[in-house]
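Structural features, examined
If you want the building blocks of each chain, they are given just below.
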Amino acid sequence: MVFANVCFTKRAVKLLFLFIASFTFLVALTGCGDQQADNVQLSGSTMGTSYNITLVVPDKIQVDEDKLRMLVDAELKQLNQTFSTYIDDSELSQLNQALVGTPFPVSRQLFDVLVLSLEIAWLSNGAFDITVGSLVDLWGFGGGSEGGEDKVPSVQAIERQLARIGFSSVELNLFSDEVTKNKAVNIDLSAIAKGYAVDRLAELLLKSGAQDFMVEIGGEIRLQGNSPRGTPWRIAIEQPENQIGAVHKALNLSNVGLATSGDYRNYFEVDGERYSHTIDPVTGRPITHKLASVTVLADSTAYADAVATAINVMGPEKGLSLAEDTGLAVYLLIKTEQGFEAKYSSAFQPYLN
Ligand code: ADP
Ligand code: MG
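My aim in this report is to walk through the structure given alongside it, one point at a time. If you're wondering where the values come from, they're calculated on a predicted model, not measured in any experiment.

1. Focus on the nonpolar core
Core analysis: the largest hydrophobic core is formed by 73 residues, its most contacted members being Leu55, Leu68, Ile187 and Leu189. For this core, the leading source of residues is helix H8 (residues 301-314), giving 10 residues. Two domains each put at least three residues into this core: domain 1 (12-83 + 192-352) and domain 2 (96-181). Setting aside its immediate chain neighbours within four residues, Leu68 contacts Phe25, Val40, Leu42, Leu55, Val63 and Leu205. Membership of the second largest hydrophobic core comes to 16 residues, among which are Ile221, Leu253, Leu297 and Ala329.

This is the structure:
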């Protein structure tokens, strides 16, 4: 598709230099003519969900789509091999199998995500807790679960797994990138890894000289520059219903990470009661409050992703007050008798115009 009347002269020149410097999937063409933009779409499966990339390509620049796909797939494969709890020999699975009390050296990527996870655990007073892994499995949502049958675990089983929770039992040595588990916790990074992977793909694209793109993995998004229309990206906050794609509100966004956490996609029902995949680390049970969805905007998508899950656990009142106290841009949809009520923090206000 071609979009007219957009001037890319300076940008095309910059892309040319970046191409020469880094030899990526962007190829500068010779010759002059109309300055127009085209776009490239890539999509596939990763991390138990789908990914989508839209890259706006200025005229005179050609994208080697095969090369781009190869780079993206290689990055995603490596990220999966680091963070997946579904892959037995992933780096995270190895950390989970490592001996209690013994320092375990990890990669920079895993270490960085653990640092950010613990930061948000402290920020949210433990609502966000990456040691919920055993409970996530018990409720049938995790990589270590049997899957299949939807059933509510016994009180005793929940109590047993609650004893294995506690983010403060994960000790990080900032000098050696080693992790020591002080009890047999089971670490689950599913609430942050998709956002982190979005950031990594965005970095890959930026390093290659791309300036206008959208990267999305399972609803966690990074928006850079302009959309194919030459204006900021128009992104919808979904109406939290089972029907996919119903729009609650549209936002114009650029150069920001966005994540949504909700109970309306990943859950099971028993006797008319809904059991979400988000677990309250205090009760060991899926969250039960009236918060239908939490949308967070932040510089990094990893941060937005983790904060969205944290606030989803905290519920509307505590969640909104944390957002106000810490300047987080958060938009909540709360279930009411009539439908949904929207509430948002002051930092979200500028995005609503
Ligand atoms: P959502 O977009 O609904 O927040 P995510 O995939 O980001 O979904 O996070 C949910 C996943 O995070 C769950 O499937 C589980 O693996 C993990 N998880 C559940 N409860 C918590 C929690 N309290 N803290 C951190 N991670 C959690
Ligand atoms: Mg999340």
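2. Description of the coordination of the magnesium ion (ligand 2)
Note on metal sites: the ideal angle is 109.5 degrees for four tetrahedral donors, and 90 or 180 degrees for six octahedral donors. For the magnesium ion (ligand 2), the full set of protein donor atoms is Ala191 (O), Asp305 (O), Asp305 (OD) and Thr309 (OG1), at a range of 2.1 to 2.7 Å. Sequence spacing of the donors to the magnesium ion (ligand 2): A-x113-D-x3-T. You can see Ala191 sitting in helix H7 (residues 190-207) and its partner Thr309 sitting in helix H8, a full 118 residues away along the chain. Given a relative accessible area of 23%, Ala191 falls into the partly exposed group.

3. Observations concerning the site of ligand 1
Around ligand 1 lies a shell of 20 residues, among which Asp188, Lys194, Ser261, Ile279 and Thr309 are the nearest. In this structure, Ile279 approaches ligand 1 through a main-chain N or O atom, which is 2.8 Å from a nitrogen atom. Here ligand 1 has 570 Å² of accessible area as a free molecule, and 93% of this is covered by the chains. Of all the secondary-structure elements, those providing two or more residues to the shell around ligand 1 are H7, strand E12 (256-262) and H8. Per-class residue counts for the shell around ligand 1 are eight nonpolar, seven polar and five charged.

Conventions adopted
Residues numbered from 1 in each chain as written. Chains lettered and ligands numbered in written order. Predicted model: local features only at pLDDT ≥ 70, side-chain atom pairs only at ≥ 80, totals over all residues. Heavy atoms only, no water. Core = buried A, V, L, I, M, F, W, Y, C linked by side-chain atoms within 4.5 Å. Buried < 20%, exposed > 50% of the residue type's maximum accessible area, 1.4 Å probe, protein only. Helix = DSSP H or I, 4+ residues; strand = E, 2+ residues; numbered from the N terminus. Domains from an automatic or database assignment. Contact = heavy atoms within 4.5 Å. Donors = N, O, S within 2.8 Å, 3.2 Å for Na, K, Ca; no water. Near = heavy atom within 4 Å. Polar contact = N/O pair within 3.5 Å; in protein donor to acceptor, adjacent residues only side chain to side chain. Areas by Shrake-Rupley, 256 points an atom, 1.4 Å probe, with all protein chains shown as cover. Nonpolar A, V, L, I, M, F, W, Y, C, P; charged D, E, K, R; others polar.

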